[in-house]
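Spelled out, the chains give:
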Amino acid sequence: AHLVESGGGLVQPGGSLRLSCAASGFPFSSYHMRWYRQAPGKERELVAGIVSVGGYTTYADSVKGRFTISRDNAKNTVSLHMNSLKSEDTAVYYCYAEHGEIPGPDYWGQGTQVTVSS
């Protein structure tokens, strides 16, 4: 099973980025998907999550109103649209697949760097 993130990079404060995570090798539509991030010297934190079906989403307070998580079960992808980026959003962003009702392993992606700086 693989999770491959893309879309990271350098952006100025106030800018936008769209991260994507492509999944393969497991039943994507039955997994809840999450984005985490880890800044230098800090613990990994949950940014956003979306359930396997139904579209229910959750967000960290620090990103509410600025970030949007979405998924396409037909394409086995999950995205994170990030707007109004701030320097404190600088981190490595990780895609995470958590098994739903069907027991199974969970998966992490390798991460993609997002740097917000002028």
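Keep in mind that this is a model prediction, so the values were computed, not measured.

Draft legend 1. Geometry of the environment of glycine 100. Looking at where glycine 100 falls in the secondary structure, it is placed in the loop between β9 (91-99) and β10 (107-108). A residue is classified by how much of its surface remains accessible, and glycine 100, at 16% relative accessible area, is buried. Along the chain, glycine 100 and valine 116 lie 16 residues apart, while their C-alpha atoms are 33 Å from each other. The residues contacting glycine 100, other than those within four sequence positions of it, are Ser30, Tyr31 and His32.

Draft legend 2. Highlighting the state of the cysteines. Under the defined criterion, the tally for this structure stands at one disulfide. Covalently, cysteine 21 is tied to cysteine 95 through a disulfide, its sulfur atoms 2.2 Å apart. Since a negative S-S torsion denotes a left-handed disulfide, the cysteine 21-cysteine 95 link at about -85° is left-handed. One end of the pair, cysteine 21, is in strand β3 (residues 17-24); the other, cysteine 95, is in strand β9, with 74 residues separating them in the sequence. By the burial criterion, cysteine 21 is buried, and cysteine 95 matches it.

Draft legend 3. Local environment of the sheet that holds strand β8 (residues 77-82). The strand order across the open sheet built from four strands is β1-β3-β8-β7, with neighbouring strands paired in antiparallel fashion. Of all the strands in the sheet, the pair left with one neighbour each is β1 (2-6) and β7 (67-72). Taken pair by pair, the neighbouring strands of this sheet meet at an average axis angle of 15°, ignoring direction. The pairing of β1 with β3 spans five bridges and is antiparallel. Its bridge partner being in β3, leucine 3 is matched across the sheet by alanine 23.

Draft legend 4. Region of interest: the pairing of β7. Where burial is concerned, the two faces of β7 differ: the one with Phe67, Ile69 and Arg71 is buried and the one with Thr68, Ser70 and Asp72 is not. Here β7 pairs with β8 via six bridges, running antiparallel. From the neighbouring strand, phenylalanine 67 faces β8, where its bridge partner is methionine 82. Here β7 folds back onto β8 in antiparallel fashion, the turn holding four residues, of which asparagine 76 has a positive phi close to 55°.

Draft legend 5. Up close: the environment of aspartate 61. Relative to the helices and strands, aspartate 61 resides in the loop between β6 (57-59) and β7. On the basis of relative accessibility, which here comes to 64%, the residue aspartate 61 falls in the exposed class. Sequence separation of aspartate 61 and alanine 48 is 13 residues, and the distance between their C-alpha atoms is 9.7 Å. In terms of polar contacts, aspartate 61 uses its side chain to reach the side chain of lysine 64, at 3.2 Å.

Draft legend 6. Quick look at the nonpolar core. Counting 29 residues, the largest nonpolar core has Met33, Trp35, Val78, Leu80, Met82 and Tyr93 as its most contacted members. Listed by contribution, the elements that provide at least two residues to this core are β3, β4 (31-38), β5 (45-50), β7, β8, β9 and β11 (112-116).

Definitions and cut-offs
- Residues numbered from 1 in each chain as written.
- Predicted model: local features only at pLDDT ≥ 70, side-chain atom pairs only at ≥ 80, totals over all residues.
- Heavy atoms only, no water.
- Helix = DSSP H or I, 4+ residues; strand = E, 2+ residues; numbered from the N terminus.
- Buried < 20%, exposed > 50% of the residue type's maximum accessible area, 1.4 Å probe, protein only.
- Contact = heavy atoms within 4.5 Å.
- Disulfide = S-S within 2.5 Å.
- Pairing = 2+ DSSP bridges.
- Axes fitted to C-alpha atoms, helices over the stretch in contact; angles between N-to-C directions.
- Polar contact = N/O pair within 3.5 Å; in protein donor to acceptor, adjacent residues only side chain to side chain.
- Core = buried A, V, L, I, M, F, W, Y, C linked by side-chain atoms within 4.5 Å.

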